[in-house]
Amino acid sequence: MARGLAVAWAVLGPLLWGCVLALQGGMLYPRESPSRERKELDGLWSFRADFSDNRRRGFEEQWYRRPLRESGPTLDMPVPSSFNDISQDWRLRHFVGWVWYEREVILPERWTQDLSTRVVLRIGSAHAYAIVWVNGVNTLEHEGGYLPFEADISNLVQVGPLSSQLRITIAINNTLTPTTLPPGTIQYLTDTSKYPKGYFVQNTYFDFFNYAGLQRSVLLYTTPTTYIDDITVTTGVEHDSGLVNYQISVKGSNLFELEVHLLDAENKLVANGTGTQGQLKVPGASLWWPYLMHERPAYLYSLEVRLTAQMSPGPVSDFYTLPVGIRTVAVTESQFLINGKPFYFHGVNKHEDADIRGKGFDWPLLVKDFNLLRWLGANAFRTSHYPYAEEVLQMCDRYGIVVIDECPGVGLALPQFFNNVSLQNHMRVMEEVVRRDKNHPAVVMWSVANEPASHLESAGYYLKMVIAHTKALDPSRPVTFVTNSNYAADKGAPYVDVICVNSYYSWYNDFGHLELIQRQLTTQFENWRKMYQKPIIQSEYGAETIVGFHQDPPLMFTEEYQKSLLEQYHVVLDQKRRKYVVGELIWNFADFMTEQSPTRVLGNKKGVFTRQRQPKSAAFLLRERYWKIANETRVTSTAAEQVPPGLFTADQNVSGLGLMVICASREHKVEIKDFLVWK
C-alpha cells in the first residue's frame, strides 16, 4: 500500500496545491532575515473614543488629517490590549462605536531612501472594522477582528523631505451587525421614561465579553521590491521517507531564481530543491508528533527559501525561513489518525482573556498557559471561538499541542443571520484563516462555527456552502463545526468529517442531578453514532465553579460539584473512547469575562483554572486523567517508515483527507520529559 500512497501523492499533489492556493496574495508571518527587517510599534498609542451621539464626529472633523492631540484630549492606550478595562471611565467599559488610535514613528533612513526596499504596515488584528491612514492618507480598510491585514506603504514613506516621520491613525468600530462575524444586533430603547433619547445597546449571542481595540501587535517590516509573497507546504510519507511538497509565489518580477533548502533540528541540510514548486524527499524523516504521544514530539524542520532576481539597478535577494513539521492526518469512521496512529484529543477549550489586558496578546500569559497545559497533560485545544494570535500557533507547533482552528462563526443564533451577505463574509473569513494558518502542523482540523442554529433549513445550506468552500481551500484537513442541536434535527452534521458535540448535562438542565449524566451522555453518543457513523468529539462539557465554594454532598457552583460532574462524564467517555469517541475538551481552561447578567458572577466560572491561572480542585482530577490516557496512547516508533502500510484503503472511508497535510516547521526542538512514567 505504500506504493499506492506514493502514486496517490503524485496524482493529488498538484490538485491540492491548486485548491490551497486559491487565495490571492500571501500573509506570511513577518520574520527577520538577511533581506527583511521588523520595527515593532507596540507600546503606548494616543487614544480617543468618539462619544458623540452618532459616533461620527471623528470623520466629520477629519481627526486623521492632523495629530490626534490637536483635536481634543487623548488617553495613553497600551498596544496590544483591549481598551475596555484600561481606564476608570465606565463609559469605555461598554463602549460601542468608533475609537481612534494614533502613533508617530521615525523610520530608519535606509527605509525611506532605498527605492529597492518595500515597506509594509501590518496590523495583527483590529476588532471589528478598521480604517487606516498613514500621514492622513487613507491606506487600508479591513473587516473582521481576529486576523491580520497589511498594506505596502512604500509610496508614502519614500517621498519628500519628511518621509521618515510617519503618523499612523487607525479608527476601529466594534459594532456587531447581522452580517458581521460574529453577528450581533443594535437595539434602540425608545421609552423616554426609562432611557434617554437615542439610547441603544449592543446585543450579542455568545457567552464572552466583546473586547475590542488593537489586541495584537502592530509592526512595520521590509522586503525587497521583488520578494517571496507566499509559501504553501504539504507533507506526506512514502515508504521510509518524509515528503515535503512546496509551492512558492513571488511578486515584483517574473525574472528570478529560487533555491529551497530543508534543514533538520540540528541545522543540517537534508534536502534541496529549486523553482516555484517541487517535492523534497527526506529519508528516515523525524515526524511531527503531538505532545505525550511520542518520546520526541513536535519535531520541526526549517524550509529556507532564497530568491535571486535581476533588476535594472542590479541583483536583488530575498530570504524567508518557514518552520515545517512532517505529519499526516486522516479520518476513518471511528478514528482520528495522526501519522497513521489513532489520536485521542484530551484537552481544553480556551479564550484569549485575562485581567486588565482583555484579549490583548501578552507573552508572559501565553508562556504561563502553555506551562499549565503541559502540567495538565493536555495535548490539544480548540481556538474557541475565533482564530488566536499567530504566536499561539507557533507555540503549539513547538510544543506539540494539537489545534482545532475555529473561525469567529459564533452567535449564529437567529434566522436572519443566515443570509447571502453573511455567507459571503463567512467564506471570506475562512479564506483568511486558511491563508494565515495553513502551514502549521499543529492545526489538524478547521471549525467553521460554534453552536449555530443548525436545526434551521437555511442554516443547513449555509453550513454546507461554508464547509465545501473550506475543503476547496484546503483538502488536506478535516472540517467540522461544533453543534449543540438535536442529532435528528441538525442540518449541518451530514457535511462534517468529525462530529463535535457540546452538552451540559446536570448543569443547564436537570440542575444538580448528577445521577442522570451517564444515562443521558450514553444516549447522546449512541444517537449521533447511529445516525452518522462518524468519529465524535465531546467538544464542551463542564460546570460553573466559584473557587473556594465547598459542599458535600456536592451542590452546584462548588468545587466538589465540578469534580463530580466531570467524573460522571469520564465514566462514559472511557467506555466510548475505545470505540468511536476520539476526544474530550473541557469547558473551560480558565475562567473568562462575559457580559453582565444575573447568571454570570464576574464572568463565566467554568474554568478548571481561575482567570488568574490558579487551579481549582478539578484541575488535579483532570491532570490525573490526562496523564493516564497519555500512558495508554503513546507511540514508540520514531521514523517515517512506521506509518503502517495498508492504512489508506478504500474501505476505511478516509474521504480524501489523509493523503496530504499542510504543515509547518521548526523553530526549536522541544524535549518532553515532564512527570510521565511511560509504561
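Look above for the structure.
The residue numbers shown here count from 1 along each chain, following its written sequence. Residue-level local features of this predicted model are given only where pLDDT is at least 70; pairs of side-chain atoms are given and counted only at 80 or more, and the full residue set underlies all totals for whole chains, interfaces and linings. With hydrogens and water stripped out, all remaining heavy atoms of the structure feed into the side-chain values.

Peer 1: How should the environment of Asn588 be read in this particular structure?
Peer 2: What counts as a helix is a DSSP run of H or I of at least four residues, what counts as a strand is a run of E of at least two, and both are numbered from the N terminus. Tracing the backbone shows Asn588 in the loop between strand S30 (581-586) and helix H12 (617-633). Linking Asn588 and Tyr541, residues 47 residues apart in sequence, is a C-alpha distance of 8.3 Å. If we skip the residues at most four places from it in the chain, Asn588 touches Asn349, Lys350, His351, Lys606, Gly607 and Val608. Contacts are residue-level and defined by heavy atoms, with any inter-residue pair within 4.5 Å sufficient.

Peer 1: Mind showing me how you'd approach the environment of Asp474 here?
Peer 2: Take Asp474: it is sitting in the loop between helix H9 (457-473) and strand S27 (479-483). Spatially, the C-alpha atom of Asp474 lies 9.5 Å from that of Arg435, the residues being 39 residues apart in sequence. A 3.5 Å cut-off defines polar contacts: any pair of N or O atoms within that distance qualifies, except that in protein one atom must be a possible hydrogen donor and the other a possible acceptor, and neighbouring residues in sequence count only when both atoms are side-chain atoms. A polar contact is formed between the side chain of Asp474 and the side chain of Arg477, at a distance of 2.9 Å.

Peer 1: What should I look at first to understand the pattern of salt bridges in this one?
Peer 2: Note that side chains of opposite charge can pair when their charged atoms are close. What counts as a salt bridge is simple: a side-chain nitrogen of Lys or Arg found within 4 Å of a carboxyl oxygen of Asp or Glu. Summed over the entire model, instances satisfying the criterion amount to 40 salt bridges. A salt bridge links Glu150 to Arg122; the shortest N-O distance between them is 3.0 Å. Of the two residues, Glu150 is situated in strand S8 (residues 149-152) and Arg122 in strand S5 (residues 117-123); the sequence distance between them amounts to 28 residues. The two residues Glu150 and Arg122 agree in class, both being buried. The salt bridge involving Arg428 is made with Glu432; its shortest N-O contact spans 2.5 Å. Placement of the pair is Arg428 and Glu432 together in helix H8 (residues 420-437), with a separation of 4 residues, close to one helical turn. Relative accessible area decides the class of each residue, using a 1.4 Å probe on protein chains only: under 20% of the type maximum gives buried, over 50% gives exposed, and in between gives partly exposed. Given a relative accessible area of 25%, Arg428 falls into the partly exposed group. Classification of Glu432 as buried rests on a relative accessible area of 11%.

Peer 1: Teacher, can you tell me more about the pairing of strand S12 (residues 218-224) here?
Peer 2: Moving residue by residue along a regular strand, the side chains alternate between the two faces of the sheet. In terms of burial, S12 is a largely internal element, 7 of the 7 residues being buried. On S12, burial covers both faces: Val218, Leu220, Thr222 and Pro224 on one face and Leu219, Tyr221 and Thr223 on the other are all buried. Two elements, S5 and S12, share 7 bridges in a ladder whose sense is antiparallel. What sits directly across from Val120, in S12, is Tyr221. At least two bridges found by DSSP between two strands is the condition for calling them paired.

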